[in-house]
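Structural description and commentary
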Amino acid sequence: MKTSIKLLILLVSTLTLTTSCEDFNDINVDPTTSTIANPKTLISKVQTSYSGDRETQWRSLAAYHMSITQMISDGWTVSHGQTYKLDISYMEYMWKSSYREISDLTYAIEEAEQNPELVNYEAVARILKVMIFAQLTDTYGDLPYFEAGAQAEDDNLHPAYDNQEDIYNDFFKELKEAAAQLDDSKALEGDLMYNGDVERWRKFANSLRLRYAMRLVNVNLSKAETEAVLAIEDGVMENIDDAAKVEHGDFTVSTSGASEIRGNGFSQVQNFSEEIMVACETYISYLRDNDDPRLLMMFGMYAAYQEDATSRYNSKSSTETSVEITDEYLATYGVIEGYPPGYFLFEAAEDAPADVWSPRFVEKNGRTVQIDKYFKSLQVKRDLTRIDLPSIYQSYSEVELWLAEAALRGWSNFGGDAKTHYKNAIFANIDELVTILGAEPNLDINSDVYTENLWNNTADKMEAINMQHYVNNFYNGIEGFANWRRSGFPVLKPTTDNAYTDQALNGLIPRKLPYPNTEMNFNRDNLEAHLDNGVNFWGAPVWWDNSLTRGVDL
Amino acid sequence: MRIKHFKLTVFLCVCMITSFSVLQAQEIQITGKVTSLEDEMPMPGVSILVVGKNKGTNTDFNGDYSIEAEKGDVLQFSYIGFSDQKITIGDNTVINIQLVESVEALNEVVVTALGISRKEQALGYAISKVDGEELAEIKSINAVNSLAGKVAGVDIAQPNTGSGGSSKIIIRGNTKFNGSNQPLYVIDGVPMDNNSFGQAGQYGGQDLGDGISSVNSDDIETISVLKGPAAAALYGSRGGNGVILITTKSFKKNSKSKFNINFSTNSTFDEVISGYEDVQHVYGQGIGTPPRDIGDATGMWSWGGKMDPNLQFISFDGQYRDYGVKKDNIESFFRTGYTIQNTISLSGGNESANLLFSASDVKMEDIVPNSGLHRNNFTLKGYMKMWEKLTLDAKVNFTLEDVDNRPYLGYSGANTALALLGLPGNIDQQWLRDSATDANGDYVFWNSATRIINPYYSLYNMKNESKKNRVLGYASLNYNITDWLDFKFKSGIDTFTYDYYNYSPRTTPLAEWGELTKIDSRTTEINTEFLFSANKELNDNWTIGASLGGNIMNYESSTNTILGKNQGSEDVISINNYNEFIVGRQNPRKEVRSFYGFANVSFKDYAFLDVTGRQDWSSTLKKGNNGYFYPSFTGALVLTKAIESLRSKMISYAKLRASYAEVGGDTDPYAYNTFFDYPYSSNGANFSTVNDITYFTNINPSRTKGYEFGLDAKLFNWRVGLDVTYYNQTTYDEIMNIPISNSNGFESASINAGEINNKGWEVMVNIVPIKTEDLRWDLTFNFANNENKIVKLHEEAKTQTIARADWISSLITAEEGGSYGDIVGYDFKRTEDGTPIMGPNGLPLRSDEQVSLGNGQYKFTGGITNGIQYKGFRLRALIQIKSGADILSMTNQKLYQQGAHIGTLEGREGWALSESQRESAGELPSNWVATGGYLAQGVIEDGVGADGSPNYRPNDVYVDPKDYWGSIANSHIIKPFIYDASYVKLREVSLSYSLGPEQLKNIKFLNGLTFSIIGRNLWLIHSNVPNVDPESTYNISNGQGYEYGSLPQRRSYGFNLTAKF
């Protein structure tokens, strides 16, 4: 009997436990990470990762945008765009990282909206969101916009696609509203671009509006003019202090660890020990042939002392063991060049010199420097490959070039004629190279004379202006690819005879990147109507581009 | 938190009480010997059951047993083919039994779920048992690897991952995409965390070992394998993949003394069998000619001239050497490894209180220089009767493991095999040793693929070490409430720390500024459970039993990872000596609360029915939807007892069994939160970003449903045993991550999806062809096949990626309608009838799409064991067979590309002749039609037919074999490197001699002595994969079917000595 009572007590006490069985309090809350969206830290991260994400800067920006426009060449990974080699896995990096950033900004906006004190965060997030969407739609064309970003929580796995025209129209609205929202009396912390200077954010929003207005000149000239004039009237950048740039962190580059976003992404690519990147002759020749002072500010010849030359790593400009030999090389071989477009570094161009496969040698500091095949082209100056090199999202120089074009088109007179804005742009660019990027000034050339000559000697003033965009956009390659398509400058010779070339291009140049496989596989119904006749084709122009041949040397 | 501390305290207290109060105990320990009446030989493996209690044991090799029981208890002795005997315990504590041969009985006792001993004939599902002595004789460093080929339906892969590596066991096929498909390990009733600490992925890495690999095989009494969901229903979700129950040894009273000492020593030597039979030894380094400058010399191409000792070439270290074949140029890198394992166990006490202590030491030096393992195990296990109705048993086990220089695997630049494989035949690997570093200690580049690190540098200059300290133990109280009702309370703990570092000095390629990765990890799992069990014999016909229990499982793991970059002083390997840090932290926590009950009814000892039910609540699911119930029903019917007339000379015994079971499943911790995290900050700003996985709002627990039927039969007067099982199980609604359109801001969604079916047959056959007084021959076959089908995935994702090798455009996938583990990649472009199409230049074209080219999962597994015993001698040999899987050998791909593979010889002579003809004709390559070279089998497009479809002509364009294989490599055509991974291996051989009771009669202190000569992995009898062992996968992930840069095959042989005092 006694036993049964004991048993009963045990049973009852066990059963009472069951009532609370499904309540685990916070066991399933990860103590190592926050569940609260903080607009400040989300914005700081996006500001940095937009240019700092190594993988995106590598596989999309460097490998395609900069490479298709013949700014750079390399041994393998970055020349995909030079030879029009199709690699969907590379091409999707920008899509992935941009939508993630949009997701971050959407969370920031949703959070900031609820608190009037956070209005500046909301406005800044909206401006950045437009900038990221613009690079995305310029790169891929029509895409999910109104339903995109952080909406999967509503179980919406199939965001609808929007036309680029509607997306651009919304850009103007967003930028206008965001600029109006900015409030000098409210805080803006963690701002790695303007350090909380709200007035400069307003100018940046207007300058972006100007950029996106100018994008429309081939499809809707009157809209382009209206939006551009309104943006300029609202106040665009006025000096290089207004330039939109981000400060990066410094660290040691390696393959270990998570994908790194802190440093300048383009510098990370160059520092990456397996990567060898040189300048492309198309880009170099414009500077060299016009005695541009920026050539030797931006590029130099580098190689390794003979005993170190067993490893290519030792000859890279970003490596401390390499030696700069620009003067010595010029003295011995007479000319400095970029790598001819359309080839990987391990290939030889048709008209390559007889000694293409053998090393060249110069003497420096009494020692022999060995210049192997890969290093007979200019490389980016060591100073400009540093990891904490700031990234420029929109330069004052760019804005001056838009003003020059607006003046040339006769839209209105904004404080000077086209030539004045043109010269201002070049001075500003040289200034930005020194002041923002930290390049060593080149005092050998008188920029005033040189700019005067350049303007006067170029018959097509539109060409003069847009070639300066091309030069300028080495540090904003995505904009470089877009403006080449918009303006048709520089005129590029297509690669046709490389073994890796995508034959579907049929002798033309890619004008966008194809949609990633995740869209083809998981959002196909929405995407279908926005493909090029059902084909995911990178030769098809986006809406504002509307040409297969602009900028192509047929 | 507080609950956990409390539990820990209870556990420790209980442990201490057991350890210190041994002397007060007073239960009866019954011992004795079981012999056969017929020949008076001792009978090993006789099961002894305390009737009415869930307690049992088996006799040892000498027929001895010991068991704790109370006066008045009834002991039941059973053995296949012998009549049961029941003895009521009186005053005598030594009970010797002689069993009579009979066709009546089949009563082997097995340990089932929750540690309950059951008679095998009462079970309605398949269970397999392997005796510890068998595992201990031919030891594997990783005890569970010794199960390979012994249990039908248990597929064991031993990846080629070096010292302290993990093992992979799959029972009845794969059911999960995201989680582990490995079984749950339960040691003495305590679940063991078997998560892997790290695996190599598509870009390389190391195998950092798993939990089970550190168990000492000498401590194992038996291993039971519960295969299906029915057997595992009581272990909850984690048992859904099957359960491996390990029972460790306890004190056993022997006939001569109250104090036992067992000692075993095992020494084996490992050596490279070689692997590179299919490497060519004709052409040396270079392209076209021997290397003439450093650039050529650092290209690891074997497309040079014919090797000739009279020629000179410059080698990578700048020296001029002769261009002759260097014998064993790769094999000489490896040394003879050895493994020494010693275990001593001391046990003593009496029936009421006893203790066992065992200590073991394992030292292993790998065939790869400077790599090895050192492990110690200590166990203290005790039992005591505290007072009449209360008994307590407890165990604590410490494991200390230290592994030096785990090898880098697969794609890793520091993978020694990757550097050595394809070393041209004129280069001796020893030259690498002398030129790994320069005078400053800086790395010297030797290979134009700068990533591929000199193996001497990766082994002697780079370093890695892991230390694992583990405590596994339990304390269990058993209260005998009445004669038919028991109450048990048990608390078990598994806790370990894992410390690892990995060092790359300055100048190491890809870590030029020096790096140190440090991982500190601590994991604890505590299981606290209670169980009421009732057992009542109602009358002669009916016996019923019922149990009710509950369990709380508490898991927490905490891992800090620090990557230090930019080394300070070059002589200090310590994390404080670095200038930059990337810090990561993981802290998964989980709790599962469960109630379960089971009931069994048996009728006349021939019809049995079991019903179980379990309700779990998991912290990983959302409140309101985090509880799930699952039942099981099993039945068994001994036909030969039910229908006496069935029994004949031919059919001695037959039993049918059937079961149906469900198992519910949860997911990983924190799968439900949208969180914001970024590990870095810069320029004074902190970063955060949203996680890249989203979840669907209504996630339900997943579920596995399965049924099985089986037949157990003994034929021809018990000479032949047959055990056949058919199973069919389906997993529904796995909680998995599917890739989604990134445009909603996330990369994947956590979702309920999928329906995966596994079905198959398992057959075990035992035959005793010869049985005389002195000679016995046992022959055992086991085989199993498994058929896997992905019935349904998800409307969003018809294909799920399981593993990737992006650098060669390959995936391992599961596709709706297909089966788990397809190897996907590019094929040749083919005509409609399947003939490869070459381009006009004679080089192959690649298929437009990636297609499935094979499957990496074995469909058929089996083993044949032969045992011959003659007096004291015993010879045992195990042949293991696996077939039906494919493997993508990227090693062979690389060997072809580099010209090292024997298959690259085809066309070289012809091409050289054609080239010399061209040169003497003074023609440029573009104007020359090659007269010889490699002629790929296939066709070339040749105009268009009337209907617009292309015409083809047989390929007639000779090409340089270098261009052909280079083109295959560059266009990522992997078809030629997918091989049938079937194999037949002579896995184990042992020849042992045991001193029998006769010889030992006069040696007072010695109770047993066995000496064995042993060998493992002696002979790869059949394989279709050139150069590498078909078992050479580089990880234990779900995505099997890739091999890259594998270490060569090895075999081990040595001796084992076991003595009992």
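Residues numbered from 1 in each chain as written. Chains lettered and ligands numbered in written order. Predicted model: local features only at pLDDT ≥ 70, side-chain atom pairs only at ≥ 80, totals over all residues. Heavy atoms only, no water.

**Let's talk about the overall build of chain B**
A tally of helices and strands in chain B yields 12 helices and 58 strands. Taking 2.2 N^0.38 as the reference for a compact globule, 1061 residues should give roughly 31 Å; the C-alpha atoms of chain B span a radius of gyration of 31 Å, in line with that estimate. Expressed along its principal axes, the backbone C-alpha trace of chain B runs to roughly 105 × 70 × 70 Å. When each of the 1061 residues of chain B is scored for burial, the buried share is 61%. For chain B, contacts bridging at least 24 residues in sequence account for 68% of all contacts bridging at least 6. Carbon and sulfur atoms provide 55% of the accessible area of chain B, an area that totals close to 39800 Å². Of the side-chain charges in chain B, 95 are positive and 118 negative, and the distance between the mean point of each set is 7 Å. (Helix = DSSP H or I, 4+ residues; strand = E, 2+ residues; numbered from the N terminus. Rg over C-alpha atoms; globule rule 2.2 N^0.38 Å. Buried < 20%, exposed > 50% of the residue type's maximum accessible area, 1.4 Å probe, protein only. Contact = heavy atoms within 4.5 Å. Areas by Shrake-Rupley, 256 points an atom, 1.4 Å probe, with all protein chains shown as cover. Lys, Arg positive; Asp, Glu negative; His and termini not counted. Charge placed at Lys NZ, Arg CZ, Asp CG, Glu CD.)

**A word on the interface of chain A and chain B**
How big an interface is tends to be stated in terms of the accessible area lost upon association of its parts. With 77 residues of chain A at the contact, the number on the chain B side is 75 residues. Across the chain A to chain B interface the summed buried area is about 6700 Å²; carbon plus sulfur atoms make up 58%. The three residues of chain A that bury the most area against chain B are A:Phe24, A:Asn28 and A:Leu157, which together make up 11% of that side's buried surface. At the boundary of chain A with chain B, the tally comes to 1 salt bridge. For B:Lys623, the salt bridge is made with A:Asp23, and the minimal N-O distance between the two is 3.8 Å. The interface formed by chain A and chain B holds 20 residue pairs in polar contact (both at pLDDT 80 or more) in total. Every element with two or more residues in the side of chain A that touches chain B is listed here: α1 (2-18), α2 (39-52), α6 (93-113) and α20 (517-522) of chain A. (Buried area = accessible area lost by both parts, 1.4 Å probe. Salt bridge = Lys/Arg side-chain N within 4 Å of Asp/Glu carboxyl O. Polar contact = N/O pair within 3.5 Å; in protein donor to acceptor, adjacent residues only side chain to side chain.)

**Looking at empty space enclosed by the protein**
One way to see where empty space is left: roll a probe the size of a water molecule over the atoms. All names here are of chain B. For the coordinates displayed, the defined rule picks out 18 cavities of 30 Å³ or more. As a volume, the largest cavity reaches approximately 720 Å³. Elements with a contribution of two residues or more to the lining of the largest cavity: β18 (259-272), β23 (337-349), β55 (983-995), β56 (1008-1023) and β58 (1050-1060). Among the elements that line the lining of the largest cavity, the one with the most residues is β56, at 6 residues. (1 Å grid on protein atoms, 1.4 Å probe; cavity = no way out; pocket = protein on both sides within 12 Å on 5 of 7 lines; lining within 4 Å. Points joined across faces, edges and corners; volume = space filled by probe spheres on them.)

**Thoughts on the sheet that holds strand β7 (residues 97-99) of chain B**
All names here are of chain B. Taken together, the 3 strands give an open sheet; going across it, the order is β4-β1-β7, and neighbouring strands pair in mixed fashion. Each of the sheet's edge strands pairs with one partner strand only, and the pair in question is β4 (64-69) and β7. Taken pair by pair, the neighbouring strands of this sheet meet at an average axis angle of 35°, ignoring direction. Strand direction decides the pairing type here: strand β1 (residues 28-36) and β7, joined by 3 bridges, are parallel. Among the inter-strand pairings, Val34 is bridged to a residue of β7, identified as Ile97. (Pairing = 2+ DSSP bridges. Axes fitted to C-alpha atoms, helices over the stretch in contact; angles between N-to-C directions.)

**What about the domain arrangement of chain A?**
Residue and element names in this part refer to chain A. Segmentation of chain A into domains returns domain 1 (279-384) and domain 2 (396-487). For domain 1 and domain 2, the distance between their C-alpha centres works out to 27 Å. Counting residues at the interface gives 16 residues for domain 1, matched by 20 residues for domain 2. Across the domain 1 to domain 2 interface the summed buried area is about 1800 Å²; carbon plus sulfur atoms make up 68%. It is Tyr286, Arg294 and Met297 that lose the most area in domain 1 upon contact with domain 2, and together they represent 40% of the buried surface on that side. Linking domain 1 to domain 2 there are 0 salt bridges. (Domains from an automatic or database assignment.)

**Side note on helix α3 (residues 54-68) of chain A**
Residue and element names in this part refer to chain A. In α3, a bend of some 45° at Leu61 exceeds every other bend along the element. With 15 of its 15 residues buried, α3 lies for the most part within the structure. At the exit of α3 stands Gln70, carrying a positive phi of roughly 60°. (Bend = angle between axes of the 7 residues up to and from the residue.)

**What to know about the environment of B:Leu459**
Residues and elements named next belong to chain B. Along the chain, Leu459 falls in helix α7 (residues 455-460). Sequence separation of Leu459 and Ala414 is 45 residues, and the distance between their C-alpha atoms is 8.4 Å. The residues contacting Leu459, other than those within four sequence positions of it, are Phe333, Val368, Pro369, Asn370, Asn405 and Thr416.

**A closer look at unusual backbone geometry**
A:Pro490 follows A:Phe489 through a cis peptide bond whose omega is -5°. One can find A:Pro490 in the loop between α19 (477-487) and α20. Positioned with a positive phi, B:Ser809 is a non-glycine residue whose angle comes to about 55°. Looking at the secondary structure, you find B:Ser809 in the loop between β44 (799-805) and β45 (810-815). Judged by relative accessible area, B:Ser809 falls into the buried class, the value being 18%. The backbone of B:His972 sits at a positive phi, close to 60°, despite the residue not being glycine. Among the secondary structure elements, B:His972 is positioned in the loop between α11 (961-970) and β54 (978-980).

**Let's talk about the sheet that holds β45(B)**
Residue and element names in this part refer to chain B. Strands sit in the order β44-β45-β46-β48 across an open sheet of 4 strands; the sheet is antiparallel. Of all the strands in the sheet, just β44 and β48 (846-855) have a single pairing partner and so form its edges. Across the sheet, the axes of successive neighbouring strands diverge by a mean angle of 40°, strand direction being ignored.

**Some details on the packing of α6(A) against helix α7 (residues 119-140) of chain A**
Residue and element names in this part refer to chain A. The contact between α6 and α7 brings their axes to 9 Å, and the two run at 160°. The pairing of α6 with α7 is recorded here as roughly antiparallel in orientation. The two elements α6 and α7 cross, and the hand of that crossing is left-handed. Where α6 abuts α7, its residues Met94, Trp95, Ser98, Tyr99, Glu101, Ile102, Leu105, Thr106, Ala108, Ile109, Ala112 and Glu113 lie against Tyr121, Glu122, Ala125, Arg126, Leu128, Lys129, Ile132, Phe133, Gln135, Leu136, Thr139 and Tyr140. Of the residues that constitute the contact of α6 with α7, the class distribution is 15 nonpolar, 4 polar and 5 charged. (Parallel < 35°, antiparallel > 145°, perpendicular 65-115°, else oblique. Left-handed = near helix turned anticlockwise from the far one by under 90°. Nonpolar A, V, L, I, M, F, W, Y, C, P; charged D, E, K, R; others polar.)

**Considering the environment of B:Thr523**
Structurally, B:Thr523 can be placed in strand β30 (residues 515-537). Beyond its immediate sequence surroundings of up to four residues, B:Thr523 is in contact with B:Asp193, B:Asp494, B:Thr495, B:Phe496, B:Tyr555, B:Glu556 and B:Ser557.

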